[in-house]
Structure formats: C-alpha cells, structure tokens
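Single-letter residue listing:
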Amino acid sequence: MIPNDTQRLQMCRFAGACRYVFNHALALQEKRLAQGLPRLSFVELCKQLTVWRSDSLMSWLTASPVHTLQQALKNLDSAYANFTSKKAFAPRFKKKGKRDSFRFPDSKQFKRDQSNARLKLPKLGWLRFRKSREVLGTVRSVTVSLCAGKWFASILTERETAPPISDEVKVVGVDVGIARFATLSDGSFFEPVNSYRKNECRLRKARQALSRKTKFGKNWTKAKEKVQRIDMHIANSRRDFIHKVTASICKKHAVVCLSPLLALKRIQEQTFGARQD
C-alpha cells in the first residue's frame, strides 16, 4: 500500500488499538480463570468493549473503527478455542512492532477500485496499492498489516474452482534432508534455496550497524527497518521456494505421502517458526 503520512499514522493507531483490546481482554480472561470463573464469550467481550469505549480513560479507542476492535476480540476467542481443542498453545500477549495488523471482516465496510488499484477503508479514505494479482471471486474481508516498515493489504475472496481431472493416479513419497531439500520416491529431488546463507553477510552488517545506534533514535529506527527488510527478503525467498516446490509436486501427482518425521517437522515449523537454512 502507498499511504500518506496522515494515513500511516492512523493505521499505526488502529493496529495499536487492536493490540491493546486483545491484551486487555486476555488479561481479563486470565483473571477470571484464576478466580475459578468461566471465560467470557465473544458476545460478552463485545459488551465489555462498549464499556471500555465509554470509559473516559479509554475514550481514545473510539478513534478506531469498532469492527476492527471486535475482530481482535474474535481472534482471541478463536485462539482459546484452538487451545481448548489442543490445536495450538494458549494465547499470549501481543507486543508492539510484531505482527501489527487490523482487519475489516465485512466487505460492506470497505470499497475497492480495481481498475485504478485503490482501496477505501473506514476513517482512512482511498489508499493506492501496488496490485500483485487480480482480485477474483467474492470479497470477504481485508487485512492490513505492517511488515518491515511497509503496509500490506490482504484481500480474502471466495470462489469456486474446478478440480483437476487426471486419467492416471500418480503416487509419490517425499522425504526431507539436509543436502537435498526434498527427495521424491521416483528419484528426483530439489536442491535447497539457502536464502539465509545468501544474505547472511548483508544481514550481519546491518545488525552490527543497528547495535551501534542509540536505541529508539531516528538512526536506530532506520537501521532497524533495514534489518527487517533483509529478514523479510529472506522469509519471502524461502516461502516462494516452498510454494513453487509444493505446487510442482501437486501438479504432477495425485497422492503425496510424507514420512512421520517430516509431518512432525512441519508441525514444529508452524508452531515455533521455520528454522534458518
């Protein structure tokens, strides 16, 4: 996205308000659990949000769209549901500067001008963005997130696609290794991308420059954004490589079998983050 200075400041406030509401509701839930009381439902949390917005000490929450704050409460409710069903760990408090985002969950809350690559959001107005692909299907929601000093808009859509039809059912087994990223049972393999090693020297110099700056100063902020851009480039390279490999395997085979160790590794990466190359 390409916001101006006023819009950029407003988006930072929206993300901060969502983070505050999430953490405040999480503290309330933990306090109730410690007292032996049941957790509040999403509807009850929304009623609490109305009380918070009416409080003079929290009146600044009214500057943010209420739908984004309600979505933060819904995210907390989903986190507890996943924790109860043992699909994830217990929800944790959010920190400033890590995954700052806010979401408009209803398509009626925003407008898009696809021909001119513009998006109109509540209390922000029209924002231009660099369109990476065409928006196909029915728009459901839009999520605005901050990463490495840049704002991104992710538009969720729903559409029906025809499943691929193949006369022959091909089965392949996949195993992961160190020297080779993935080895297939038919003898083919994929070399690792090693995105971290390719950018290791540049990342080390950027981190050294960051350590020499006065914390929270202007130069420190610029140096931090440079480190974040390099980290984002490494992550995007790894993610792009994985998508291309998995797409190549799925297009050529109808059934893919993974070893138990590989499945466990994928669960660990989703839980704790992918390891460095």
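Residues numbered from 1 in each chain as written. Predicted model: local features only at pLDDT ≥ 70, side-chain atom pairs only at ≥ 80, totals over all residues. Heavy atoms only, no water.

Q: Got a minute to help me understand the sheet that holds strand E5 (residues 138-147) in this structure?
A: Strand-to-strand pairing in sheets goes through backbone hydrogen bonds, with the strands running parallel or antiparallel. With respect to topology, three strands assemble into an open sheet ordered E1-E5-E6, the strand pairing being antiparallel. Each edge of the sheet is formed by a strand with only one pairing partner; in this case those strands are strand E1 (101-104) and strand E6 (150-158). This sheet shows a mean twist of 15° between the axes of neighbouring strands, independent of strand direction. The pairing of E5 with E6 spans nine bridges and is antiparallel. Note that in E6 the partner of Val142 across the bridge is Ile155. (Pairing = 2+ DSSP bridges. Helix = DSSP H or I, 4+ residues; strand = E, 2+ residues; numbered from the N terminus. Axes fitted to C-alpha atoms, helices over the stretch in contact; angles between N-to-C directions.)

Q: What's the story with helix H2 (residues 42-54) in this structure? I'm lost.
A: The periodicity of an α-helix, 3.6 residues per turn, causes residues three or four positions apart to be oriented the same way. The first and last C-alpha atoms of H2 sit 19 Å apart over 13 residues, in line with the 18 Å expected at 1.5 Å per residue. In this structure, the buried side of H2 is in contact with helix H1 (5-34) and helix H3 (66-84). (Expected span 1.5 Å × (residues − 1). Contact = heavy atoms within 4.5 Å.)

Q: Honestly, the environment of Ile234 in this entry has me stumped. Any pointers?
A: Checked against the element boundaries, Ile234 lands in helix H6 (residues 218-252). Through-space distance from the C-alpha of Ile234 to that of Asn199 is 7.3 Å; in sequence the pair is 35 residues apart. Here Ile234 is in contact with Ser195, Tyr196, Asn199 and Leu203, once residues within four sequence places are set aside.

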